[in-house]
Amino acid sequence: MTLVAQFDAPQEFHGYKHDNHLSERRRLPENMGPGVAVVDFDGDGRMDVAFPEAIFRNRGDGGFEDAGRRMSFEPPRFGMGVAVGDPDRDGDPDLVVTSYGEVYFYENDAGKRFRRRSIAEPGLWTVAVFFDADGDGWDDLYLGHFADYEEAKEPECKYGGRYHYCHPLSYPAKASRLLRNEEGKGWKDVSGSSGIGNFLGKAFGAVAADVNGDGRLDLFVANDSVANFLFVNEGGMKFREVGLESGVAYSSDGNPRSGMGVDATDFDGDGRVDLFVANFNREKFSIYWNLGGAQPMFRDMAAETGIGAATQMYSGWGVKFFDANFDGREDFLVVNGHPDDRIELLSGTLKFREPILFFENRGADFAVREAGKAYPSRGLAIGDLNDDGAVDAVVANNGESPVLLWGVKPSAKNWVGLNFPSRPVGAVIRWRAGDKEFRKIIASDGSYLSAHDPRVVLGLGKATEAAWVEVEWRGRRWRLDKLAGGSYHASGVR
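It is worth spelling out the sheet that holds strand β23 (residues 298–300) at this point. The four strands are arranged β20-β21-β22-β23 in an open sheet whose pairing can be described as antiparallel. The strands lining the two open edges of the sheet, one partner per strand, are β20 (262–265) and β23. Adjacent strand axes in the sheet meet at a mean angle of 20 degrees when their direction is disregarded. Note: strand β22 (residues 286–290) against β23, three bridges, orientation antiparallel. Note on β23: the bridge partner recorded for tryptophan 289 is arginine 299.

Laid out in structure tokens, this is it:
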């Protein structure tokens, strides 16, 4: 499969351009956003697109229209990321938008409008993750803080007489937050009692998945310039941080890296959840292979898989694994861009705009190629925007217009799609096609400040029918037999 940028988003998003509030002083929040979400917010069956500052309805003809006024969407002043969930279980996807300011919950009223309310005080909020932290069937909410930041205390960083963005080490770390879902009636702050609020970090990316196979959702947090966190879920809304002993806190030489985008997937098909982190230039990206066991242990396989060498000079942000060529293996797309728009005044080798990269999973390693021109990219959300089976991607660029990458339409019907009412975080999907059986683990959205189409596309290899598909989630199992390839099917999951 090849992903081709068929047109730039200004044609389709009415000239929308991200406002990063750029100042001559180059203040920290300016280079961080935005994220993006692919979500059917109006319930018409087509995937729409939501940015922190604006939302766009999918017209169904390849174009999009501004739906902000129609949906009563009131954006924050300085938006960062978008998360999608259904915490009230009414069947309508709700949004959480983080910002340099408050965190806002947008309750979806039957696809007709959003009702906004604040759920966190002002701060430098980055990532938000919906996941069922206590196993009660109601999605809870993790909110990531980047730093204890005050604009009035912004340090001065000048090189060659010009302001540049200061290194993240210039800012004190801050604890993040965990909110318990009170069965759709509100949120209760359990940050301290859960253990998650007892660690100071600089959260950029976070993803929930069951890393040790005990049936509970754990949480991995990529931090910038300090150790990454791995919170193992011990039940009863209690988490234990094991990043150091599990091998995901630091680089192989013991140094913290600048973790930004993340994902969780089973890239080698051994049935265990592996972790991916997009880091800063010259740090190489990480792909942590899960060694198994009740006490999780990981080994960074970036060198062996070719990912390390391919990403040495890039700063990665949004990332997502998916089966691009329907062979049953997890490929991935990652978007890049240096955080300092003046970096080329300081370096002859680093660039502000960096290309989008596509990595094809060949089993033992990954083959890489450029999938798009160079942009100052941040958020990445994937989904099937035209319902042809190919995964499309929306790339959110800092201070510029977004880009839409159309996936090439499959020439054969060697895929099946499953419809889910919302993302089934923690589900395990198994299926048989031809003489092969496959397995896929569903994590939370991951990426960078972004959220994806909740539908799942399964590759069938050379077959054009799935003999059977089984979905196991929250202690229940659903089975579907003889699914025709080349179309979407109801999963049966409720």
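The next subject is the packing of aromatic side chains. Summed over the entire model, instances satisfying the criterion amount to 29 aromatic pairs. Each ring, one from phenylalanine 321 and one from phenylalanine 332, has its centre 4.6 Å from the other, and the planes form 35 degrees; the classification is tilted. With phenylalanine 321 in strand β24 (residues 316–322) and phenylalanine 332 in strand β25 (residues 331–336), this pair connects stretches of sequence that are 11 residues apart. Comparing phenylalanine 321 with phenylalanine 332 shows no difference in burial state: the two are buried. Taken together, Phe267, Phe276, Phe285, Phe321, Phe332, Phe359 and Phe366 form an aromatic cluster joined through their ring pairs. Across the ring face of tyrosine 163, the terminal group of lysine 158 is positioned such that the distance to the ring centre comes to 4.7 Å. Taking NZ or CZ as reference, arginine 455 lies 4.5 Å from the ring centre of tyrosine 488, over its face.

The strands making up a sheet associate through hydrogen bonds between their backbones, and the pairing can be parallel or antiparallel. With antiparallel pairing, four strands are arranged side by side in an open sheet as β33-β32-β35-β36. Two strands in the sheet have a free side with no partner beyond their single neighbour: β33 (436–441) and β36 (476–484). Direction aside, the axes of adjacent strands within the sheet are offset by 15 degrees on average. Judged from the six bridges that link them, strand β32 (residues 428–433) and β33 form a sheet pairing that is antiparallel. Along β33, the bridge assignment pairs arginine 430 with arginine 439.

Here the focus is the environment of valine 49. Examined against the element boundaries, valine 49 turns out to sit in strand β3 (residues 48–50). The buried category is assigned to valine 49, whose relative accessible area is 0%. Taking C-alpha positions, valine 49 is 18 Å from phenylalanine 78, a pair spaced 29 residues apart along the chain.

What follows deals with the state of the cysteines. Between two cysteines, a covalent bond joining their sulfur atoms is known as a disulfide. All chains considered together, the criterion is met by one disulfide. Cysteine 157 shares a disulfide with cysteine 166; S-S distance 2.0 Å. One disulfide, between cysteine 157 and cysteine 166, carries an S-S torsion of 115 degrees and so falls in the right-handed class. An identical accessibility class is assigned to cysteine 157 and cysteine 166; each is buried.

Quick look at the pattern of salt bridges now. Scanning all chains against the criterion turns up 39 salt bridges. Here glutamate 107 ties to arginine 117 by a salt bridge, and the two come within 3.6 Å at their closest N and O atoms. In this pair, glutamate 107 sits in strand β7 (residues 94–109) while arginine 117 sits in strand β8 (residues 113–131), placing the two residues 10 residues apart along the sequence. Under the relative-accessibility criterion, glutamate 107 is labelled partly exposed at 25%. When the shortest N-O distance is used, the salt bridge between arginine 430 and glutamate 472 registers 3.2 Å. Residue arginine 430 is found in strand β32, and its partner glutamate 472 is found in strand β35 (residues 465–473); the two are separated by 42 residues along the sequence. Under the relative-accessibility criterion, arginine 430 is labelled partly exposed at 27%. Residue glutamate 472 is classed as partly exposed on the basis of its relative accessible area, which comes to 31%. Connected through salt bridges with shared partners, the residues Asp42, Asp44, Arg46, Arg57 and Glu65 form a single ionic network.

Residues Phe131, Tyr142, Leu178, Leu219 and Leu333 are the most contacted members of the largest nonpolar core, which totals 51 residues. Of all hydrophobic cores here, the second largest spans 21 residues; its members include Ala433, Val456, Val469 and Val471.

About the cut-offs
Residues numbered from 1 in each chain as written. Predicted model: local features only at pLDDT ≥ 70, side-chain atom pairs only at ≥ 80, totals over all residues. Heavy atoms only, no water. Pairing = 2+ DSSP bridges. Helix = DSSP H or I, 4+ residues; strand = E, 2+ residues; numbered from the N terminus. Axes fitted to C-alpha atoms, helices over the stretch in contact; angles between N-to-C directions. Phe/Tyr/Trp six-rings, centres within 6.5 Å; stacked < 30°, edge-to-face > 60°. Buried < 20%, exposed > 50% of the residue type's maximum accessible area, 1.4 Å probe, protein only. Lys NZ or Arg CZ within 6 Å of the ring centre and 35° of its normal. Disulfide = S-S within 2.5 Å. Salt bridge = Lys/Arg side-chain N within 4 Å of Asp/Glu carboxyl O. Core = buried A, V, L, I, M, F, W, Y, C linked by side-chain atoms within 4.5 Å.

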